[in-house]
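# Examination of the molecular architecture
Below are the chains, spelled out letter by letter.
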Amino acid sequence: MNAPTPGSAPTVGFVSLGCPKALTDSELILTQLSAEGYRTSKTFAGADLVIVNTCGFIDDAVKESLDTIGEALAENGRVIVTGCLGAKAGDDGGNLVRQIHPKVLAVTGPHATQEVMDAVHLHVPKPHDPFVDLVPGFVQGAGIKLTPKHYAYLKISEGCNHRCSFCIIPSMRGDLVSRPIGDVLNEARALFEGGVKELLVISQDTSAYGVDVKYRTGFWDGKPVKTRMFELCEALATLAEQHGAWVRLHYVYPYPHVDEVLPLMAAGRILPYLDVPFQHAHPDVLKRMKRPASGERNLERLAAWRAACPEIVVRSTFIAGFPGETEAEFEYLLDFLKEAQIDRAGCFAYSPVTGATANDLPGALPAEVREERRARFMAVAEAVSVQKLQRRVGATMQVLVDSAPALGRKGGVGRSYADAPEIDGTVRLLPPEKASRTLKVGEFTKARIVAVEGHDLIAVPA
């Protein structure tokens, strides 16, 4: 490919794969590219080089990442690979990406903005005179965002201290490293001031925020603030209130101190919503998984949360067909799901991820058994979810509008406090009853729930 024309800004093609945590890594890289004057593109053809941010957690994600790298090489020829797959070893002990695609220019692991930029500088010299205020998607103080303007992810830490037997994330992203609380709150404020109406707090383990620095006291706006989950949530709630915005918590392990944030939820200061990765319920399976909690305590904790905040919605993910899982252990999980009344539950059939210690456990189940259990789980999960959604019929709820063609005169799509973007249900908004009533993306509306359709609610703007 020819070098960029003198005087023109070079273009970097970019594709981001994987979870919201990978998305925030992409946003950091895109912010730095834009700050240095590079243009960015979602297409491969015509770019001076391409960056692919990969996922390497499960086999399907690895395949998607390798296929995307292959497409970028075919269409462009100059490719830099970053992300979790970049840290993964191949069969020969060398780098998997280089083993499959030896023509890539460079490979880095996750959370490696500077390494990526060093590779970019090597192959496409840095331009000058950037004007970041002209860059689409740029939020002053928060950088480039790949999400719609009205919501954004806020990553508060990197890495994880757990060593779950099915997971290889610590080997790719390292141990927990909490961001300084002042930096986190400055970014949150910039996002709210930039028009964000929903802030989604993410990490590998949100409830462990600050553990690595012994919850040291930081400073923000000249005031001392502890590097700890509760103090962070309290400060985020104060910021959100100033902008009429939502704060939503993801990846929250059910530690006892999580109880402290329930009063903030009950008071409406942060959303009464917790994304808690339970993964299973049977004590023996949890032990084989090396999970930091037991099923019995989880039921007690859920009951305590609902007593403190009756409106709380709990979403979770589970694994079916883990090595050694008996039919009785799986039935125990289904019983837990019914008793726990999980509002939003997702399930993966166990996938033997290369490098995970769970692969060495005895009792590996055939793929068809794993898939059959996943399907049975989802049938129970949907029944629980629909039953709980039915109770909302007749209620009026606050809805954040995500889509509103023709100013919403033909209806639209939004989400209530119970619905995180991409992973939960939606609220389908019918055409307003008043001809003068309009809807606008990124704004809140009141809506009366009239029906349930699968995992979604149907509503009429009030």
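Here, the structure is the one placed above.
Bear in mind that the values here come from a model prediction, so they are computed numbers and not experimental data.

Inspection of the entire model under this criterion finds 0 disulfides. For Cys55, which is in no disulfide, the shortest distance to another cysteine sulfur is to Cys84 and amounts to 6.1 Å. In this model Cys309 remains outside any disulfide bridge; the closest cysteine sulfur is found in Cys233, 13 Å from its own.

Within the closed barrel, the 5 strands sit side by side as β18-β19-β20-β22-β21. Their pairing is mixed. Direction aside, neighbouring strands of the sheet carry axes that sit 50° apart on average. The sheet contact formed by strand β21 (residues 444–453) and strand β22 (residues 456–461) spans 6 bridges and is antiparallel. Among the inter-strand pairings, Ala451 is bridged to a residue of β22, identified as Ile458.

A few words on the environment of Gly222. Looking at where Gly222 falls in the secondary structure, it is placed in the loop between β12 (217–220) and β13 (223–226). Separated by 40 residues in sequence, Gly222 and Gly182 have C-alpha atoms that sit 9.7 Å apart.

Moving on to unusual backbone geometry. Within the chain, Tyr251 stands out as a residue other than glycine whose phi angle is a positive 55°. Turning to its location among the elements, Tyr251 is positioned in the loop between β14 (246–249) and α8 (262–266). Of note, the phi angle at Ala406 is positive, near 55°, even though the residue is not glycine. Position of Ala406 among the secondary structure elements: in the loop between β18 (396–403) and β19 (412–415).

With that settled, consider the packing of aromatic side chains. Tallied over the full model, the rule gives 8 aromatic pairs. Taking the centre distance of 5.8 Å and the plane angle of 15° together, the rings of Tyr253 and Tyr255 count as stacked. Exposure class is identical for Tyr253 and Tyr255. Each is buried. Judged by centre distance (5.3 Å) and plane angle (80°), the rings of Phe322 and Tyr350 are edge-to-face. With Phe322 in the loop between β16 (313–320) and α11 (327–340) and Tyr350 in the loop between β17 (344–349) and α12 (367–390), this pair connects stretches of sequence that are 28 residues apart. Summarising the burial analysis for this pair, Phe322 and Tyr350 share the class buried. One aromatic cluster is present, built from ring pairs that chain together Phe278, Phe318, Phe336 and Phe377.

Here is what the cut-offs are and how they apply
- Residues numbered from 1 in each chain as written.
- Predicted model: local features only at pLDDT ≥ 70, side-chain atom pairs only at ≥ 80, totals over all residues.
- Heavy atoms only, no water.
- Disulfide = S-S within 2.5 Å.
- Pairing = 2+ DSSP bridges.
- Helix = DSSP H or I, 4+ residues; strand = E, 2+ residues; numbered from the N terminus.
- Axes fitted to C-alpha atoms, helices over the stretch in contact; angles between N-to-C directions.
- Phe/Tyr/Trp six-rings, centres within 6.5 Å; stacked < 30°, edge-to-face > 60°.
- Buried < 20%, exposed > 50% of the residue type's maximum accessible area, 1.4 Å probe, protein only.

Shape is all these values report; function is a separate question.
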